[in-house]
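# Architecture at a glance
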Amino acid sequence: MAPSSRRSSPRSFPRSFPCLAAPLCTAAAAVLTVLVLAGWDPLLDLDARVTAELHRTAVDEPGWTRLNRVLTDWVWDPWTMRAVLVVTVVWLVLRGVRRPALWLSAAAIAGTALQQALKALLDRDRPRWSDPVDSAGFAALPSGHAMTAALTCGLLLWLAQLRGAGRPVRLAVAWVGAVSVTGVGFTRVYLGVHWPTDVVVGWLLGFAVAAAAAALWSGRGPRPPRPERRGPGGSDPW
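Computed from a predicted model, the values in this text were never measured in an experiment. (Residues numbered from 1 in each chain as written. Predicted model: local features only at pLDDT ≥ 70, side-chain atom pairs only at ≥ 80, totals over all residues. Heavy atoms only, no water.)

In terms of helices and strands, the chain carries 8 helices and 0 strands. Counted from the first residue to the last, the chain has its helices and strands arranged as α-α-α-α-α-α-α-α. Counting across all 238 residues of the chain, residues that qualify as buried make up 42%. Nonlocal contacts in the chain, meaning residues at least 24 apart in sequence, comprise 79% of its contacts between residues at least 6 apart. Here the chain has roughly 13200 Å² of accessible surface; of this, 67% comes from carbon and sulfur atoms. (Helix = DSSP H or I, 4+ residues; strand = E, 2+ residues; numbered from the N terminus. Buried < 20%, exposed > 50% of the residue type's maximum accessible area, 1.4 Å probe, protein only. Contact = heavy atoms within 4.5 Å. Areas by Shrake-Rupley, 256 points an atom, 1.4 Å probe, with all protein chains shown as cover.)

Set out below in C-alpha cells:
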C-alpha cells in the first residue's frame, strides 16, 4: 500500500481550539480595554483595591518582595522569554525544521509589535506610590511581561503538539507555562507596576497571537508534492 501523504494525527494541532481561542481571547481583551478606557467604576475600583492591598504587603515583606523582583526581572522577564524562543528557533533550524522556525519567529515579532503599538496608543498610567518597591517605564496596558509570557508558552505548547511530543513533554510544557504565566502576572501587580487589568489583557492578547499562529498554520492546506531532497540533511517534513 502506498504511504499516505497526510501527516499523522499526533503532529497536527487541533484546528478547532486555536480557531476559536484566537477570536475569543481578542474579543475579551477588547472588552476589558474598552471598559478601562471608558472608566467603568466597578472595574477600576477592583483594580485599585487589589493593587493597593498587594502593595501594602510588598512594603511590609521586603524579603518576599526581593524574591518577586528576581522572578520578574530575570526568570520571567520578556527578554528571558524571547531568549527561550530564540534558542528554540535555532534548535529547529539546526534540525532542518525551517518552516516552524520561521512561523515561530514571525509570531513572536508580531506579538511584540502589537504589544508596543497598543502601549503607545492606549498610554495608560501605571500605579503611583509614595513608597514604591519597584519601577517600570512606558505605558501600562497591556502588561508586556504578561503578554510575552503567554505568547511564548502558548507557542511552545503548540510546537510540542506540532512535533508530536509525548504526553510527558506536553504536560511539562503546559505546567511550566501555567506557572510562568500566572507567576509573572502576580509579580507585576504585587510590585505595584501594573493594574490587574493590564495583566489580564496581556494574557489574553498573548494567547490570542499564539492561537492565531496555530490556526493559520493548520489552515495552510496540503503542500504540493516535490522531489525528495537527497543528502545528509534529508528532506524537510514541515
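This part is about unusual backbone geometry. Backbone torsion omega between Leu141 and Pro142 reads 0°, so that peptide bond is classified as cis. Secondary-structure assignment places Pro142 in the loop between helix H5 (98-122) and helix H6 (144-162). One non-glycine residue, Asp123, lies in the positive phi region at around 50°. The exposed category is assigned to Asp123, whose relative accessible area is 53%. In this model, Phe138 sits at a positive phi of 65°, which is unusual for a non-glycine residue.

Here we come to the nonpolar core. The biggest cluster of nonpolar side chains holds 30 residues, and the ones touching the most others in it are Leu92, Leu104, Leu155, Trp158, Leu159 and Val201. At the level of elements, helix H1 (16-37), helix H4 (78-94), H5, H6 and helix H8 (196-218) are the ones that each hand at least two residues to this core. Not counting residues within four places of it along the chain, the set of residues in contact with Leu92 comprises Val97, Pro100, Ala101, Leu104, Leu159 and Arg163. Counting 8 residues, the second-largest nonpolar core is a separate cluster that includes Val133, Ala146, Val189 and Leu191. (Core = buried A, V, L, I, M, F, W, Y, C linked by side-chain atoms within 4.5 Å.)

Our focus in this paragraph is the environment of Ala28. Along the chain, Ala28 turns up in helix H1. A relative accessible area of 31% places Ala28 in the partly exposed class.

A separate point is the pattern of salt bridges. Working definition: two side chains of opposite charge can pair if their charged atoms are close together. Tallied over the entire structure, the rule returns 5 salt bridges. Linking Arg56 and Glu53 is a salt bridge whose minimum nitrogen-to-oxygen distance equals 2.4 Å. Of this pair, Arg56 and Glu53 both sit in helix H2 (residues 41-60), 3 residues apart, which is roughly one turn of the helix. Given a relative accessible area of 46%, Arg56 falls into the partly exposed group. The class of Glu53 is partly exposed, set by a relative accessible area of 43%. Salt bridges linked by common partners bring Asp47, Arg124 and Asp198 together as one network. (Salt bridge = Lys/Arg side-chain N within 4 Å of Asp/Glu carboxyl O.)

Here we come to the side chain of Arg124. With respect to the helices and strands, the residue Arg124 is situated in the loop between H5 and H6. Reaching out from Arg124, the side chain makes a polar contact with the side chain of Asp47 at a distance of 2.9 Å. Here the side chain of Arg124 touches Asp198 through a polar contact of 2.7 Å, side chain to side chain. Other than its neighbours up to four places away in sequence, Arg124 contacts Val36, Leu44, Asp47, Ala139, Ala140, Leu141, Trp195, Thr197 and Asp198. (Polar contact = N/O pair within 3.5 Å; in protein donor to acceptor, adjacent residues only side chain to side chain.)

Once that is clear, we can look at a nonpolar patch on the surface. Taken together, the side chains of Trp64, Leu67 and Phe186 make up a nonpolar region of the molecular surface, amounting to roughly 280 Å² of accessible area. Relative to the elements of secondary structure, Phe186 occurs in helix H7 (residues 167-190). (Patch = residues over 30% accessible without salt bridge, like charges linked within 9 Å, V, L, I, M, F, W, Y side chains within 5 Å.)

To continue, consider the packing of aromatic side chains. Counted by the stated rule, this structure contains 4 aromatic pairs. Aromatic side chains Trp64 and Tyr190 sit 6.3 Å apart centroid to centroid with 80° between the ring planes, which places their arrangement in the edge-to-face category. One end of the pair, Trp64, is in helix H3 (residues 62-75); the other, Tyr190, is in helix H7, and 126 residues separate them in sequence. Overall, the relative accessible area of 42% leaves Trp64 in the partly exposed class. A relative accessible area of 1% means that Tyr190 is categorised as buried. Clustering of aromatic rings is evident, with ring pairs tying together Trp64, Phe186 and Tyr190. (Phe/Tyr/Trp six-rings, centres within 6.5 Å; stacked < 30°, edge-to-face > 60°.)

Bringing the confidence of the model for the chain into the picture now. Across the chain, the average pLDDT comes to 89, with 86% of residues at 70 or higher. Note that residues 1-12 has pLDDT below 50 and, in this model, 13 contacts with residues that lie over four places away or in other chains. Across residues 228-235, confidence stays below pLDDT 50; counting only partners more than four residues off in sequence or on other chains, it has 5 contacts. (pLDDT = per-residue confidence, 0-100.)

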